[in-house]
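An overview of the molecular structure
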Amino acid sequence: MGKVYPDAKAALAGVLRDGMVIHSGGFGLCGIPALLIEAIRESGVKDLTVVSNNAGIDDAGLGLLLKTRQIRKMISSYVGENAEFARQYLAGELEIEFNPQGTLAERIRAGGAGIPAFFTRTGVGTEVAKGKETREFDGETYVMERGIFADLAIVHAYMGDTEGNLVYRKTARNFNPMMATAAKVTVAQVEHLVRPGEIDADHIHTPGIFVKRIIACPPGYEKRIEQRTVRKREAAAAAGEEV
């Protein structure tokens with residue numbers, strides 16, 4: 001059967017269920033699978049555990065699923081841009097498992113590599129290590145972290161072919177590649193869908209063997225910017241520079 005589906009709803013049909021674990025790629029709003037997140041919202045599934053570097057913002061990304069109370073637990077490293085996230089957590093309505101960012105990345109990579117656990121010095125002696133096994137190696141204390149393998153991974157790629165080979169562009173190549181390897185089913189949304197052979201094999205970041213379903217982003221698909229920081233034109237003019 002072909003891997004290409006007409007839209008996000010079709011691509012997630014038969015995959016979603018209450019209580020599942022979902023890897024959601026992206027960093028802030030960069031490289032997030034927005035179309036797939038919206039389809040999850042529309043499906044109504046609930047009690048989700050979502051693994052993501054962050055929780056988007058209040059009106060975009062995973063913030064949409066927080067608003068509809070479909071997420072029960074977040075496994076993240078940074079959540080500072082989402083007021084609803086903070087409100088739910090402080091009210092005891094949302095469970096959070098915080099991870100140092102590198103540890104989170106390695107937990108996902110380990111899950112994709114079939115590694116059930118690993119030891120790291122990061123977090124030793126802090127709340128991060130509370131309740132976890134520690135062990136001494138070469139005179140240093142390490143804490144054990146578990147790999148994470150999800151039921152579903154949703155990722156965003158700049159380019160992909162119909163066989164599922166994916167290429168990520170610049171900083172959108174964040175958590176997407178490792179998440180694509182660490183789930184029972186990986187669904188990708190791609191900006192530019194091409195035929196097999198049109199992507200140089202040396203440029204492929206995620207081999208198609210990891211990707212089960214694909215959708216193409218529609219024309220005019222908007223990639224939002226979380227925080228736009230630019231120099232004011234007046235300041236540039238005052239400095240005698242061209243504007």
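Above this text sits the structure in question.
Residues numbered from 1 in each chain as written. Predicted model: local features only at pLDDT ≥ 70, side-chain atom pairs only at ≥ 80, totals over all residues. Heavy atoms only, no water.

With respect to the pairing of strand E4 (residues 95–98)
Two strands pair when backbone bridges link them, and strand E3 (residues 71–76) and E4 are joined in this way by four bridges, in the parallel orientation. Note that in E4 the partner of isoleucine 75 across the bridge is glutamate 97. In this region the chain leaves E3, passes through helix H4 (residues 83–90) and returns to the parallel neighbour E4; the handedness of that crossover is right-handed. (Pairing = 2+ DSSP bridges. Helix = DSSP H or I, 4+ residues; strand = E, 2+ residues; numbered from the N terminus. Right-handed = clockwise from strand over helix to strand, strands pointing away.)

A closer look at the sheet that holds strand E5 (residues 117–120)
Strand order across the open sheet formed by three strands is E5-E7-E6, with antiparallel pairing between neighbours. Strands at the two margins of the open sheet, each flanked by one partner only, are E5 and strand E6 (134–137). Strand after strand, the sheet turns through a mean of 40° between neighbouring axes, direction not considered. Sheet topology note: the E6/strand E7 (residues 140–146) ladder contains four bridges and is antiparallel. Of the residues in E7, the one forming a bridge with glutamate 136 is threonine 141. Across the sheet, helix H5 (residues 101–113) is in contact with E5 and E7; its angle to E5 comes to roughly 155°. (Axes fitted to C-alpha atoms, helices over the stretch in contact; angles between N-to-C directions. Contact = heavy atoms within 4.5 Å.)

Some details on the packing of aromatic side chains
Under the criterion given, the structure shown has two aromatic pairs. The interplanar angle of 85° and the centroid separation of 5.5 Å between the aromatic rings of phenylalanine 137 and tyrosine 142 together place this pair among those described as edge-to-face. Judged by its relative accessible area of 22%, tyrosine 142 is partly exposed. Grouped by ring-pair contacts, the aromatic residues Phe119, Phe137 and Tyr142 constitute a single cluster. The ring of tyrosine 158 has arginine 169 sitting right over it, with the charged end atom 5.8 Å from the ring centre. (Phe/Tyr/Trp six-rings, centres within 6.5 Å; stacked < 30°, edge-to-face > 60°. Buried < 20%, exposed > 50% of the residue type's maximum accessible area, 1.4 Å probe, protein only. Lys NZ or Arg CZ within 6 Å of the ring centre and 35° of its normal.)

Looking at unusual backbone geometry
Positioned with a positive phi, aspartate 138 is a non-glycine residue whose angle comes to about 50°. In this fold, aspartate 138 is placed in the loop between E6 and E7. Residue classification places aspartate 138 among the exposed residues on the basis of a relative accessible area of 83%. At lysine 170, a position not held by glycine, the phi torsion is positive, near 50°. Structurally, lysine 170 is set in the loop between strand E9 (166–167) and helix H6 (176–180).

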